[in-house]
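Listed below, chain by chain, are the residues.
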Amino acid sequence: MMKNQNLRDLIYVSCSDLNSKCFYSYGIEFYEFMSCVHNRPENLILLKHNFDNAQWNPHTRFDYVTSKEICELIEDNVYGYGDFCWVDFNNEEDLDKLTKFQIAELLFFSHLAKPLREIPMIRFAYYAHDDGWFNKLYVSLLEDYKVILSRTITLKLHKLTKRSFVEMPNDIARVLLESALEGLLIDLSKITKNKTDIKIPITAVGHYTDMDKVYNFKDEITEYKVWLVYSKKTWKFFREG
């Protein structure tokens, strides 16, 4: 397995307006995204990458992967790509149907990480730099991001604690998603645990695209008032004071 072995133990998610369906994040790597998303997309137009086994579409001149290559891509050293940008599509025939304007739209997104008008995607338009350090993601359905975020938390907790966790209920996952409106920070390096309980500190820090500033919060924030708690196969929030 070539991907970065060091687990990022800080998660930051920012969304200034849920209607925009646009999320900035730190700490969610590509393989975690693909492990946690419901009904994983298997057809991706690769707009920025260094993957050696991509296919090529002569109509658009874009590289792409299908289910034949997707597992290899997930296992690749995506961090080593630097910039990594893709959108999902339904099938190979759809690539030949992309208009000149849609091709231009995709090129605009890969260059500036935002739509000119509307990104031609099915569910996701994904732009990352240094896998897990900076990610800007557009989603078609907020439900998708709610699932990705909640499952990524439990996936990281499992790797950190070697314990098993039940999936978060919808009400807890929904609060976490909506907390992105204030810039949600989850510091997994400061979890506390005993035989029955695990407490994960969370807080609001505001909206940033400078992930160096976000990472520095690990040292700057020493006290937390809100905790995500897992106890006896139940998820809940606990507020001090």
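A. Looking closely at the overall build of the protein chain. Each helix and strand in the protein chain was counted, giving 7 helices and 13 strands. For a compact globule of 241 residues, the expected C-alpha radius of gyration is about 18 Å, and the protein chain comes in at 18 Å, within 12% of that figure. Counting only C-alpha atoms and orienting by the principal axes, one finds that the protein chain spans roughly 60 × 35 × 30 Å. Here the protein chain holds 241 residues, and the buried ones make up 50% of them. Long-range contacts, defined as pairs at least 24 residues apart, comprise 65% of the intrachain contacts of the protein chain with a sequence gap of at least 6. For the protein chain, the computed accessible surface area is about 11900 Å², with 48% contributed by carbon and sulfur atoms.

B. Broad picture of the layout of surface pockets. Considered as a void within the structure, the largest pocket measures approximately 180 Å³ in volume. Within the residue set of the lining of the largest pocket, elements represented by two or more residues are helix H6 (170-179), strand S11 (197-204) and strand S13 (234-239). Ranked by residue count, the leading element in the lining of the largest pocket is S11, at 3 residues. The class makeup of the residues in the lining of the largest pocket is 6 nonpolar, 2 polar and 2 charged. The calculated volume of the second largest pocket comes to roughly 150 Å³. What lines the second largest pocket is simply Ile45, Asp88, Phe89, Asn90, Asp94, Leu95, Lys97, Leu98, Gln102, Pro120, Met121 and Ile122. When its residues are assigned to classes, the lining of the second largest pocket shows 7 nonpolar, 2 polar and 3 charged.

C. Up close: empty space enclosed by the protein. Applying the stated criterion across every chain yields a total of 1 cavity of 30 Å³ or more. By volume, the largest cavity amounts to about 40 Å³. Residue lining of the largest cavity: Ser25, Ile28, Phe33, Tyr126, Asn135, Leu137, Tyr145 and Ile148, and that is the complete set. For the lining of the largest cavity, the secondary structure elements donating two or more residues are strand S8 (134-139) and helix H5 (142-161). Among the residues forming the lining of the largest cavity, the class breakdown is 6 nonpolar, 2 polar and no charged.

D. Main features of H5. The end-to-end C-alpha separation of H5 is 29 Å, in line with the 28 Å expected for 20 residues at 1.5 Å each. With 14 of 20 residues buried, H5 is to be regarded as a mostly interior element. Of the residues one or two after H5, Lys162 is the one with positive phi, at around 65 degrees.

E. Expanded view of helix H4 (residues 100-112). Taking 1.5 Å per residue as the helical rise, H4 with its 13 residues ought to reach 18 Å, and the 18 Å between its terminal C-alpha atoms agrees with that figure. Turning to H4, its buried residues are Ile103, Glu105, Leu106, Phe109 and Ser110. Down the axis of H4, the buried side of the element spans an arc of 155 degrees, and every buried residue falls inside it. In H4, the exposed positions angled more than 90 degrees off the buried face are occupied by Lys100 and His111. Of the surrounding secondary structure, the elements contacted by the buried residues of H4 are strand S3 (44-48), strand S5 (62-65), strand S6 (83-88), strand S7 (124-129) and S8. Of the residues one or two after H4, Ala113 is the one with positive phi, at around 60 degrees.

F. Layout of the packing of aromatic side chains. Throughout the structure, instances matching the rule amount to 23 aromatic pairs. Relative to Tyr127, the ring of Phe109 lies with its centre 6.4 Å away and its plane at 80 degrees, an arrangement referred to as edge-to-face. With a gap of 18 residues between them, Phe109 in helix H4 and Tyr127 in strand S7 connect regions that are remote in the sequence. The two residues Phe109 and Tyr127 agree in class, both being buried. Aromatic side chains Trp133 and Tyr215 sit 5.9 Å apart centroid to centroid with 35 degrees between the ring planes, which places their arrangement in the tilted category. Here Trp133 is found in the loop between S7 and S8, whereas its partner Tyr215 is found in helix H7 (residues 211-220), with 82 residues between them in sequence. Since its relative accessible area comes to 22%, Trp133 is described here as partly exposed.

G. Looking closely at the state of the cysteines. This structure, assessed with the given rule, holds 0 disulfides. The closest cysteine sulfur to the non-disulfide-bonded Cys85 is located on Cys22, 12 Å from its own sulfur. With a relative accessible area of 0%, Cys85 lands in the buried category.

What counts as what
- Residues numbered from 1 in each chain as written.
- Predicted model: local features only at pLDDT ≥ 70, side-chain atom pairs only at ≥ 80, totals over all residues.
- Heavy atoms only, no water.
- Helix = DSSP H or I, 4+ residues; strand = E, 2+ residues; numbered from the N terminus.
- Rg over C-alpha atoms; globule rule 2.2 N^0.38 Å.
- Buried < 20%, exposed > 50% of the residue type's maximum accessible area, 1.4 Å probe, protein only.
- Contact = heavy atoms within 4.5 Å.
- Areas by Shrake-Rupley, 256 points an atom, 1.4 Å probe, with all protein chains shown as cover.
- 1 Å grid on protein atoms, 1.4 Å probe; cavity = no way out; pocket = protein on both sides within 12 Å on 5 of 7 lines; lining within 4 Å.
- Points joined across faces, edges and corners; volume = space filled by probe spheres on them.
- Nonpolar A, V, L, I, M, F, W, Y, C, P; charged D, E, K, R; others polar.
- Expected span 1.5 Å × (residues − 1).
- Arc of directions from axis to C-beta.
- Phe/Tyr/Trp six-rings, centres within 6.5 Å; stacked < 30°, edge-to-face > 60°.
- Disulfide = S-S within 2.5 Å.

Remember that the coordinates give geometry; whether it matters functionally is a separate question.
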